[in-house]
Amino acid sequence: MKSLVVDADWDPRPDYDVTETERESRKAMNASQVWRDPELRVTERERPVPEADEVLVRVRYAGICGSDTSMIGTDDDGYVHYSAYLRLPNVVGHEFSGEVVETGSDTRLFEEGDLVTAEVTDYCGRCHMCRQGFHGHCEHFEQLGFTIPGAFSEYVAVPEKILWDVSSLREAYGDDDEVLKAATTIEPSTIGYYGLFGRADGIIPGDYHVYHGVGPIGLTGMNVSRAAGAGKVIAFEPSDERREIARGLGFEHVYNPIARDPIEVVEAVTDGEGADVHVETSGAVLQTYPVIQETLAERANVVHISNAGSDPEVALRELQGNSAQVYGSEGHTGQQVFPRVIRLMAAGRLDNLPIVTSTFDLPNADEAIHRAAERVDGKVLIEV
Ligand SMILES: [Zn+2]
Ligand SMILES: [Zn+2]
C-alpha cells in the first residue's frame, strides 16, 4: 500500500539532554531539539494487520494539519519546527476518515463497512494520569501520525477505543463521500471545542467571541462558537485568502489586524463591552496578547490554543481587574468531546465543508503538504 512517510536524522542538539527513554524509544519529547534534515516521500509499505484491540480502516480522506507541515519546516540549522512528541520514520496524518475493513479478535464496537474517524492519542488506561481521567496525558501514550503510523496511507490500524462512528452524518450530508470529507474536520473542531468547553469555565450563549488567527483551528473553532450560541464572532487574520474563507462561512466581523487596530475594532463591535471569550490560535502572541488584555469583558475567558514560540508580557493587573482567566488548552482524549462535535455536525449545526479548499491524491501527498505550508488554504485534504 502507498503511504506518505516523514523521516529525518536523529541528531540531538549539543545542549539538549536526551533522556534514556527517548534514546531507547526514538520518541523525541521535543522534536525540534532532535530531528534534523527531514525528508518526505510516498513509499510502498506492508498493509498493517490489526492487533486484537485494533480495527483496520481503509482511509478515504485525510486533512493536513499545521503539525504535519511543521515536521518538514526547519530552522537555519536544519531542525524541524515541530516541538512535541515525534518518532521517525513514520507515516504521518491524523485528521482522517474511512471505512472499517477488518476488526481485531478482541474488538466489539465496529464491523466491516462502518464509517469512522479517530482521536489522536491512544492511552493505557492504567497509569497514574489515566487513572485520574487525564487520558490525553497518559504516561505511555502513543499518537497516530506522530509516534505510530498515521493516516496519509491507504490503510491505518487504529485502537478501537479511540475510534468513532460517523454514520450519523449521513442525514446532514447525503452521500457517503461527503460524509467522509466532512468527517476529516471533526478532529480539528475538537481542538476549539475542548478549549471552549473542556477547559474554559462558564462560557454562555450570547457571549462575544474573538478569534486571533483563523487557520484551520480558528475557522473550525469559529464554527463551534457559532453553533454554541455566541452573540458575535469576531476574527483577526492577516491572510487575505483566509479572511475570505471566514467570510464565506457567513462571518461578518472579519478583519486584517495589520490594517485595522484590533483594540478599536473589538470596542466598536462589542459596543465597548469587550470580549467575553478570546481564543488565541495564531501563535503571534507578542502581537495578540496586548490586544486581548486591553479588550477583556468582565469575567472574560482567554483560551490559549496556539503553539507559540515566545512568551508575551502578561498584564496581571488587567486580568485580575476584569476577573479574567487564561486557560491553556492542548491535546485531549475522551472527555465527551468527539461525540459532541459529531452530534453538532449530524444536526446540521456545524458544517466545515466550505473550509476545505484544496484536495490532492495520495501519490501527490508530498505536494499537498508543501501547499498547506503556504498557509493560505482553509484545509488541504488528501484523497486516498
Ligand atoms: Zn491536527
Ligand atoms: Zn496511561
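Residues numbered from 1 in each chain as written. Chains lettered and ligands numbered in written order. Predicted model: local features only at pLDDT ≥ 70, side-chain atom pairs only at ≥ 80, totals over all residues. Heavy atoms only, no water.

1. Focus on the nonpolar core
Generally speaking, a soluble globular protein has its nonpolar side chains buried in company with each other. For the record, the criterion: Buried Ala, Val, Leu, Ile, Met, Phe, Trp, Tyr and Cys residues form a nonpolar core when they are joined through side-chain atoms within 4.5 Å. Exposure categories follow from relative accessible area, calculated using a 1.4 Å probe and restricted to protein chains: below 20% of the type maximum is buried, above 50% is exposed, and the middle band is partly exposed. Only DSSP runs of H or I reaching four residues or more are called helices, and only runs of E reaching two or more are called strands; each is numbered from the N terminus. The contact criterion used is simple: two residues touch if any of their non-hydrogen atoms lie within 4.5 Å.
Of all hydrophobic cores here, the largest spans 49 residues; its most connected members are Trp-35, Val-57, Ile-64, Phe-96, Phe-152, Val-158 and Leu-163. Of all elements in the fold, only strand 1 (2-10), strand 3 (35-44), strand 4 (54-63), strand 7 (95-103), strand 8 (115-118), strand 11 (155-159), helix 13 (365-373) and strand 20 (379-383) reach the threshold of two or more residues within this core. Aside from chain neighbours lying at most four places away, what touches Trp-35 is Ala-8, Asp-9, Trp-10, Arg-26, Ala-28, Gly-78, Tyr-79, Val-80, Leu-86, Arg-87 and Leu-88. If you look at the next biggest cluster of nonpolar residues, it comprises 45 residues, including Ile-186, Val-214, Val-279 and Val-356.

2. Describing the packing of aromatic side chains
Aromatic ring pairs are reported here in terms of the distance separating the ring centres and the angle at which the planes meet. Rules: Put simply, two rings from Phe, Tyr or Trp (the six-membered ring, in Trp's case) pair if the centres are within 6.5 Å, and we call them stacked under 30 degrees between planes, edge-to-face over 60, tilted for the rest. Each ring is checked for a lysine NZ or an arginine CZ that lies within 6 Å of its centre and within 35 degrees of its normal; such an atom marks a charge sitting over the ring.
The tally for this structure, following the rule as stated, stands at 5 aromatic pairs. Taking 5.5 Å as the distance between ring centres and 25° as the angle between the ring planes, the aromatic pair formed by Tyr-82 and Phe-146 counts as stacked. Taken together, the residues Tyr-82 in the loop between helix 2 (66-70) and strand 5 (86-87) and Phe-146 in the loop between strand 10 (142-143) and strand 11 connect sequence positions 64 residues apart. Neither Tyr-82 nor Phe-146 differs from the other in exposure class; each is buried. The cationic tip of Lys-27 hangs over the ring face of Phe-141; the distance from NZ or CZ to the ring centre is 4.3 Å. Just above the ring of Tyr-123 sits the side chain of Lys-161; from NZ or CZ to the centre is 4.8 Å.

3. Some points on helix 12 (residues 337-346)
With respect to burial, helix 12 is a largely interior element, 7 of its 10 residues being buried. Those residues of helix 12 that sit buried are Val-337, Phe-338, Pro-339, Val-341, Ile-342, Leu-344 and Met-345. Here the buried face of helix 12 lies against strand 8, strand 12 (163-165), helix 4 (170-173), helix 5 (176-183), helix 6 (186-199) and helix 7 (216-227). Following helix 12 by one or two positions, Gly-348 has its phi on the positive side, about 75°.

4. Examining the domain arrangement of the protein chain
Under the convention used in this document: For the domain bounds, the source is a domain assignment made automatically or taken from a database. Buried area is a sum: the accessible area each of two parts loses on coming together, probed at 1.4 Å, counted once for each and added. By convention in these notes, a salt bridge is any Lys or Arg side-chain nitrogen within 4 Å of a carboxyl oxygen on Asp or Glu. Residue polarity follows a fixed list, in which Ala, Val, Leu, Ile, Met, Phe, Trp, Tyr, Cys and Pro are nonpolar, Asp, Glu, Lys and Arg are charged, and the others, Gly among them, are polar.
Taken domain by domain, the protein chain consists of domain 1 (2-185 + 352-383) and domain 2 (188-328). Placing the centre of domain 1 and that of domain 2 at their C-alpha centroids yields a distance of 27 Å. At the boundary of domain 1 with domain 2, total buried surface from both sides reaches about 1,100 Å², with 56% on carbon and sulfur atoms. The largest per-residue losses of area from domain 1 upon contact with domain 2 belong to Ile-355, Arg-375 and Val-376, which jointly make up 38% of the total buried on that side. At the surface where domain 1 touches domain 2, the tally comes to 0 salt bridges. For the side of domain 1 that touches domain 2, the per-class residue count stands at 3 nonpolar, 6 polar and 4 charged.

5. Structural notes on the packing of helix 6 against helix 7
Just so we agree on the cut-off: For helices, the fitted line uses only the C-alpha atoms of the stretch in contact; every axis is such a line through C-alpha atoms, and the angle between N-to-C directions lies from 0 to 180 degrees. Should an angle lie under 35 degrees it is considered roughly parallel, over 145 roughly antiparallel, and from 65 to 115 roughly perpendicular; all remaining angles are considered oblique. By convention, the crossing between two helices is left-handed when the near helix turns anticlockwise from the far helix through less than a right angle, and right-handed when the turn is clockwise.
Between helix 6 and helix 7, the least distance of the axes is 8 Å, while the angle of their chain directions is 55°. Taken together, the axis directions place helix 6 and helix 7 in an arrangement best described as oblique. For the crossing formed where helix 6 meets helix 7, the hand is right-handed. Here helix 6 contributes Pro-188, Ser-189, Ile-191, Tyr-193, Leu-196 and Phe-197 to the contact with helix 7, which in turn contributes Ile-217, Thr-220, Val-224 and Ser-225. The class makeup of the residues in the contact of helix 6 with helix 7 is 7 nonpolar, 3 polar and no charged.

6. Some details on the sheet that holds strand 15 (residues 253-255)
Quick reminder of the rule: Strands are treated as partners if at least two bridges between them are detected by DSSP.
With respect to topology, 6 strands assemble into an open sheet ordered 15-14-13-16-17-18, the strand pairing being parallel. Of all the strands in the sheet, the pair left with one neighbour each is strand 15 and strand 18 (325-328). Strand-to-strand, the axes of this sheet are offset by a mean angle of 15°, without reference to chain direction. Relative to strand 16 (residues 275-280), strand 13 (residues 208-212) runs parallel, the two being bridged by 4 bridges. Within strand 16, the position partnered with His-209 by the bridge is Val-277. Here helix 7 sits on the sheet in contact with strand 13 and strand 14 (232-236), set at roughly 175° to strand 13.

7. Topic: the pattern of salt bridges
Tallying each qualifying case throughout the model produces 19 salt bridges. Taking the shortest distance from any N to any O, the salt bridge between Glu-44 and Lys-2 comes out at 3.3 Å. Taken as a pair, Glu-44 in strand 3 and Lys-2 in strand 1 lie far apart in primary sequence, 42 residues in all. Overall, the relative accessible area of 31% leaves Lys-2 in the partly exposed class.

8. Regarding the environment of Met-71
Positionally, Met-71 belongs in the loop between helix 2 and strand 5. Sequence-distant contacts of Met-71, defined by excluding residues within four places in its chain, comprise Pro-38, Val-80, Tyr-82, Leu-86, Val-92, Gly-145 and Phe-146.

9. Some details on a negative patch on the surface
Rules: Patch membership requires more than 30% relative accessible area and the absence of a salt bridge. Residues of like charge join within 9 Å; the nonpolar side chains Val, Leu, Ile, Met, Phe, Trp and Tyr join within 5 Å. Only the protein chains shown count as cover for residues, with accessible areas throughout obtained via the Shrake-Rupley method and a probe of 1.4 Å. The charged-residue count follows a simple rule in which Lys and Arg add positive charge and Asp and Glu add negative charge, with His and chain termini not counted at all. For the purpose of locating charges, the reference atoms are NZ of Lys, CZ of Arg, CG of Asp and CD of Glu.
On the surface, Asp-261, Glu-264, Glu-267, Glu-294 and Glu-318 cluster together to form a negatively charged patch. Looking at the secondary structure, you find Glu-294 in helix 10 (residues 285-294). By relative accessible area, which is 44% here, Glu-294 ends up partly exposed.

10. Quick word on the packing of helix 7 against helix 8 (residues 240-248)
For any two helices packed against each other, the geometry comes down to the angle between their axes and how far apart the axes lie. Two numbers describe how helix 7 lies on helix 8: the axes approach to 11 Å, and their chain directions differ by 20°. Considering the angle they form, helix 7 stands roughly parallel to helix 8. Once helix 7 is placed against helix 8, the crossing between them reads as right-handed. Facing Pro-216, Leu-219 and Met-222 of helix 7, the residues of helix 8 in contact are Arg-242, Ile-245 and Ala-246. Grouping the constituent residues of the contact of helix 7 with helix 8 by class yields 5 nonpolar, no polar and 1 charged.

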